[in-house]
Amino acid sequence: AGTYEGVIVRFSNASTTPAPSWASYVGGNGSEYFTTVSMTPDRSKIVFSTISAVNATPGYPALVNSVDATLSAAGTTESLIGVLADGGTVPVSFNVFSYLGGSGNEGTVGTNTTASVVTATNTHFYVAGSTASAGAGMPGITGGAQTANGGGAFDVFISRIPINGGATGFQT
C-alpha cells in the first residue's frame, strides 16, 4: 500500500444520523489521490477519478471496459477512472476501471492534482485534467479540437467517456 489510499464510502440517508452502508478501496500499492466522486442523475452509478503514483508493480484492480489499457511508466502519475453500480447494495466489482493518459504525467502539476470528473449524465461522463503526454499518447485524441500538445510542459485534456466504458467518445 502507498502512503495514501483511495476509499469510496456510501452513506445511508435513512435517518437523521447517516451511517456508512458500504465502503471500497480504490487503487493499488502506490499512493492514490481522489479528485472527484460523482453520481449519475438517476443515482444508479458512482463515477470517480483519482491520480495514482505509478510504481513497477502497481497492483491495481483488473481493468474492466477499459478506455486505456496502457499504464504510464514507473515514476509518473496516471489518471484512473471508474464506475461502480449503486443499487443500494455493496458493489462487488467495477463496471468500468481504466487508466486514462499517455506516456507522461497525467492529472498533476507539481504537487497539485488536477484531473476530475466534470459532470456525469446517465450515458457519459466527462473528465478534465492536465497532461504532460504528447498528443498521440492520449487515447482517442484523433479528431479532437486540438490533436497535438501545444508545446508547454503541460496541456489540458477533456474526455467524454461512455458510462459503460469502452472507447472514448472523444478526447482533446
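Residues numbered from 1 in each chain as written. Predicted model: local features only at pLDDT ≥ 70, side-chain atom pairs only at ≥ 80, totals over all residues. Heavy atoms only, no water.

S.K.: Honestly, a nonpolar patch on the surface in this entry has me stumped. Any pointers?
M.R.: On the surface, Val7, Val9, Phe11 and Tyr25 cluster together into a nonpolar patch covering about 410 Å² of accessible area. Take Val9: it is sitting in strand 1 (residues 6-11). Note on Val9: relative accessible area 34%, which makes it partly exposed. (Patch = residues over 30% accessible without salt bridge, like charges linked within 9 Å, V, L, I, M, F, W, Y side chains within 5 Å. Areas by Shrake-Rupley, 256 points an atom, 1.4 Å probe, with all protein chains shown as cover. Salt bridge = Lys/Arg side-chain N within 4 Å of Asp/Glu carboxyl O. Helix = DSSP H or I, 4+ residues; strand = E, 2+ residues; numbered from the N terminus. Buried < 20%, exposed > 50% of the residue type's maximum accessible area, 1.4 Å probe, protein only.)

S.K.: Even after reading the chapter, I still don't get the packing of aromatic side chains, so can you show me in this structure?
M.R.: Remark: the centre distance and the inter-plane angle together describe each pair of aromatic rings, the angle taken between the planes. Taken as a whole, this structure holds three aromatic pairs when the rule is applied. Taking the centre distance of 5.9 Å and the plane angle of 65° together, the rings of Tyr60 and Tyr99 count as edge-to-face. Here the residue Tyr60 occupies a position in the loop between strand 4 (45-53) and strand 5 (77-85), and Tyr99 occupies one in strand 6 (residues 96-100), the gap between them amounting to 39 residues. Taken individually, Tyr60 and Tyr99 each receive the classification buried, so the pair is uniform in this respect. (Phe/Tyr/Trp six-rings, centres within 6.5 Å; stacked < 30°, edge-to-face > 60°.)

S.K.: What is the right way to read unusual backbone geometry from this model?
M.R.: Of all residues except glycine, most have a negative phi; of all peptide bonds, most are trans. Positive phi is not limited to glycine here, since Arg43 has a value of about 65°. Assignment of secondary structure puts Arg43 in the loop between strand 3 (32-39) and strand 4. The backbone phi angle of Asn65 is positive, close to 45°, even though this residue is not glycine. Among the structural elements, Asn65 can be located in the loop between strand 4 and strand 5. Under the relative-accessibility criterion, Asn65 is labelled partly exposed at 42%.

S.K.: Any chance you could explain the nonpolar core here in plain terms?
M.R.: Across soluble globular proteins, nonpolar side chains show a tendency to be buried alongside one another. Of all hydrophobic cores here, the largest spans 13 residues; its most connected members are Val47, Ile81, Val83, Leu100, Phe125, Val127 and Ile161. When residues of this core are traced back to their parent elements, those giving at least two are strand 5, strand 6, strand 9 (116-120), strand 10 (124-131) and strand 11 (155-162). In this view, Ile81 contacts Phe48, Ser49, Val67, Val96, Phe97, Ser98, Leu100, Phe125, Val127 and Ile161; residues no more than four positions away in its chain are not counted. Within the second largest apolar cluster, twelve residues are counted, among which are Val26, Tyr60, Leu80 and Phe94. (Core = buried A, V, L, I, M, F, W, Y, C linked by side-chain atoms within 4.5 Å. Contact = heavy atoms within 4.5 Å.)

S.K.: Teacher, can you tell me more about the sheet that holds strand 4 here?
M.R.: Taken together, four strands build an open sheet; the order of strands is 3-4-5-6 and the sheet is antiparallel. Edge strands, defined here as strands with exactly one partner in the open sheet, are strand 3 and strand 6. Pairs of neighbouring strands in the sheet enclose a mean axial angle of 15°, with direction left out of account. In terms of strand pairing, strand 5 meets strand 6 through five bridges, oriented antiparallel. Bridge assignment links Ser79 to a residue of strand 6, and that residue is Leu100. (Pairing = 2+ DSSP bridges. Axes fitted to C-alpha atoms, helices over the stretch in contact; angles between N-to-C directions.)

S.K.: In this structure, what is going on with the pairing of strand 5? I would like to understand it.
M.R.: Most of strand 5 is tucked away: eight of the nine residues are buried. Across nine bridges, the pairing between strand 4 and strand 5 is antiparallel. When the sheet's bridge partners are listed, Ile51 is paired in strand 5 with Ser79.

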